[in-house]
Structure formats: structure tokens, C-alpha cells
Amino acid sequence: MKQTTNETIWQVRNSFLGIYVHFPYCFKKCDYCDFYSEGIGSGPANDEMSLFSSYQKEVLERISHFPNLKNKTIDTVFFGGGTPSKATTKHWENFLHFLRSEFEFAKETEISIEVNPEDLSPNLLDEYAKIGINRVNVGVQTRNPIGLEFLGRHFDKEKYDSLLCTLTSSPIKRVGIDLMYGIPGLQESDFFSDLAYFLEAGLPHLSLYSLTLEKGTQYSRDVKDHKKSEPEEKTQSEILLTLPELMEKNGYRWYEVSNYAKPGFESKHNLKYWTYEPYLGIGPGAHGFIEGSRYGNPRNAMTYQKKPPKNQYEEATPNTELALTLFRLFSPFQYLEFFQTYLELPTQTKYIETIHKWEKQGLCSIVSGVFQWKKEALLLLDDLILEITE
Ligand code: SF4
């Protein structure tokens, strides 16, 4: 990446490796969630120890299949899920030790963990800081009990009330939250009052995304059975359009459709997905992208632990895949470099023609090999991405 006085310009950066680890258990399965996750209540998972040992086995298996992985430097590690804060810190600590024994780590490796409000406490953040975790993201979604009820999310009022104070006094400075909008039953003002609450505290990273209806979820079944309403699309579009200016006024950079960060606080790990960088995906339901190949693990913790992950890889198709992620970035990027590195010549030509057409339509700016969307593209984004990949 290249830092200018007031922007970061994303560049091709594929000599480093990220590691994603999926911990699949949660207190309760939320109705809208389509990640692989299982609700198990407040206690620990029965198979936690064996799951962590399977993580190690999988890392070794992937290395034996791709020996060049050993030559990569790890610059991001991301513990996601599910709810990884449900696992004991000791297990994360041991696993980090293991990773450090297998790979070289960059000096400033970003090590992130997702935390749910019910687990968050000053003590937990102290433990995380001690084992080297340096970024924490909390899935808040909304502070409104009616909204949380609608989402079928576990809600511990005391924890929701204290989470902001816990985050602002955290020894870990790279902290962020997720907030959701367009939840039926809530008003636009409910979302903006939640947002104001966190903006006032100046949290360095905010993911602001709309509720979506995903196939196979409890929420989609409830909508089909007329028990719940669909997401409020009109409200979602209004909020989506309001956010860039509001967030900019508050000192945030809009770097991806749904992600805002204070300068330098972007999620380095998530940027890998958008900028086509390689990553190792470990755990049930995890996906990986290594040496131009993709793989996915079974979405079942038992199956994952019983059978070693299959060495089945599918060749990635950058001619279509690159656009799906790269054009989600709202911060500038070196488009020529990306196109020349990953695309075949005819596709490069087609992409270049398309973005110049967008420029004429006033949807983006193109200056010296650098592309950046304008806000005008926001509501058309899905169609525009489709257009360039067709
Ligand atoms: S806590 Fe997160 S991962 Fe777990 S069920 Fe809810 S949305 Fe899904």
C-alpha cells in the first residue's frame, strides 16, 4: 500500500500470507446467520481441545501439500467464527505459539479476534493483549433490545451497557464494532442513535452493514411463513447514502462498501479478501486461497475433526473473481497493476474499456493508473460489478 497525505492507495501485495481460523461455536445461533456456527449455550464446547488439535493437523497438512507456504511471511492472523471469544485464551495462545513455530511472522503482524458482547470484559482484553492479539472486533449489531430480539440474538443487557467503556479502556487500541441497519421494527433514528453513541467514543473501526435475507437461515424460513418481515430496503438505501459523508465528517475513511476506519486502522486481514491476496483458511467451514487455488472445509465440526481435510483444490478464476472483490473498495487502488498481475490480456482490455465508460458516466475517477469509485456508484454497485464480469 502507498500512503499519501490523506489517502491510502491499495496495491498488489501477494508475497505475504494471512491465516484465518474458524471457531464454529456460539452462545446461540442467530436467526439471520448463514456462517457455519452452532449454538451451544453458555458453557464451553465439549470438543474444544480436539478442535484445536485438528487446527494444528490441518496447518501441517496444508504445508505438506504446499511446501512453499513455509517461505511466506505471515502478516495477518484472524480468529473468526462463530464466536472465537468462547474458546479459552490458553488455546488461542498455544495455537499462536504453534503458528510461530511453523512460520515466520512479520514484525507488525495484525492478530485479530472477533468477540461477542457476552464474553467481553476488561480481563479478557488484558489476556488477549498478553498473548499478542492486537485487534478486537465486537459484533454488537444493535443496542436496541427490540432489534436484537428480531435478529434472534442473545442479549445480556449489562454486557451491552458496559461494552463501550470496556473497549475504550482496552489495552488493545485497534478495536471496532459491527452495527446493522434495516432491521424491521426499528427506525432510521434507532440506527443513527447507536451510531452516534459509538462515534462519540471515537472507536477506530466501524463496520456498518445492512441486514440481508440469506437462504437456509431461520430468518428466511420465518419470512416465508409470514412470521417476520423482510429487511427494510428503502431505509437501507437511505442510510447507505447518508453514511459516507457523515463518517467522513467524523474523521473516518470509507475503504470498503460497509467498512470505515480512522486512518491506519483498516482491517489488514479483510483487505486481503478484497485485494486478492493469499490466505490459509483453517477449521470447519473455513475457505482458503493459496497459490491460485481455492478450497473449502466441511461445515461440520465433527466431520472436520474425524477426517483430515481433503486435498481438493479448485483453480481460481481471476477473470471473474477479481472484480467481485476489488470493486468493493471505495478507497483508491492501482487498477492497472491489479489487472496486469491477474488478468488475461483480452480481459484487461475489456475491464479498461468498462471503467473508462464508468468514468464518462461520472461514477468513478481514473488518474495515473489509480481507480476510485464516486459515491454515485454506491446504489448501482452490484449491477456495475456484474457488468464488468460478464
Ligand atoms: S454470534 Fe455471529 S456467528 Fe454466531 S450465530 Fe450469531 S451472527 Fe452467527
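Starting from 1, residues in each chain are numbered consecutively following that chain's sequence as written. Two thresholds apply to this predicted model, a pLDDT of at least 70 for residue-level local features and 80 or more for giving and counting side-chain atom pairs, whereas whole-chain, interface and lining totals are computed over all residues. Side-chain figures throughout are based on the complete set of non-hydrogen atoms in the structure, without hydrogens or water.

- The protein chain has the name Heme chaperone HemW in an unreviewed UniProt entry, where Leptospira levettii is given as its organism.

## Description of the side chain of T325
Part 1 of the argument: In DSSP terms, a helix is any run of H or I states spanning at least four residues, a strand is any run of E spanning at least two, and both are numbered starting from the N terminus. Looking at the secondary structure, you find T325 in helix α11 (residues 318-326).
Part 2 of the argument: At a separation of 3.2 Å, a polar atom in the side chain of T325 contacts the main-chain carbonyl oxygen of L322.
Part 3 of the argument: What makes two residues a contact is simply this: any of their non-hydrogen atoms within 4.5 Å. Discounting residues that sit within four places of it in the chain, T325 has contacts with Y273 and W274. Counted as a polar contact is a pair of N or O atoms within 3.5 Å, where, for protein atoms, one must be capable of donating a hydrogen and the other of accepting one, and residues adjacent in sequence contribute only when both atoms are in side chains.

## Details of the site of the ligand
Part 1 of the argument: The environment of the ligand is made up of C26, K28, K29, C30, Y32, C33, S37, G82, T83, N116 and R153.
Part 2 of the argument: For the shell around the ligand, a count of residues per class yields four nonpolar, four polar and three charged. The cutoff for a nearby residue is simple: one of its non-hydrogen atoms must lie within 4 Å of the molecule or strand. Each residue is assigned to one class: nonpolar for Ala, Val, Leu, Ile, Met, Phe, Trp, Tyr, Cys and Pro, charged for Asp, Glu, Lys and Arg, and polar for all the others, Gly among them.

## Describing empty space enclosed by the protein
Any space left empty among the atoms is revealed by the rolling of a water-sized probe across them.
Part 1 of the argument: Computed over the protein atoms alone on a 1 Å grid, cavities are sets of points where a 1.4 Å probe fits but cannot get out and pockets are open sets with protein on both sides within 12 Å along at least five of seven lines; a residue lines them when it has an atom within 4 Å of a point. Grid points are joined across faces, edges and corners, and a volume is the space filled by probe spheres set on the points. Inspection of the entire model under this criterion finds three cavities of 30 Å³ or more.
Part 2 of the argument: Taken as a whole, the second largest cavity holds about 70 Å³ of empty space.
Part 3 of the argument: Lining the second largest cavity are 13 residues, with Y181, G182, L186, Q187 and F191 positioned closest to its centre.
Part 4 of the argument: Looking at the lining of the second largest cavity, the elements that each hand over two or more residues are β9 (174-181), α6 (188-201) and α8 (233-249).
Part 5 of the argument: Top contributing element to the lining of the second largest cavity by residue count: α6, with four residues.

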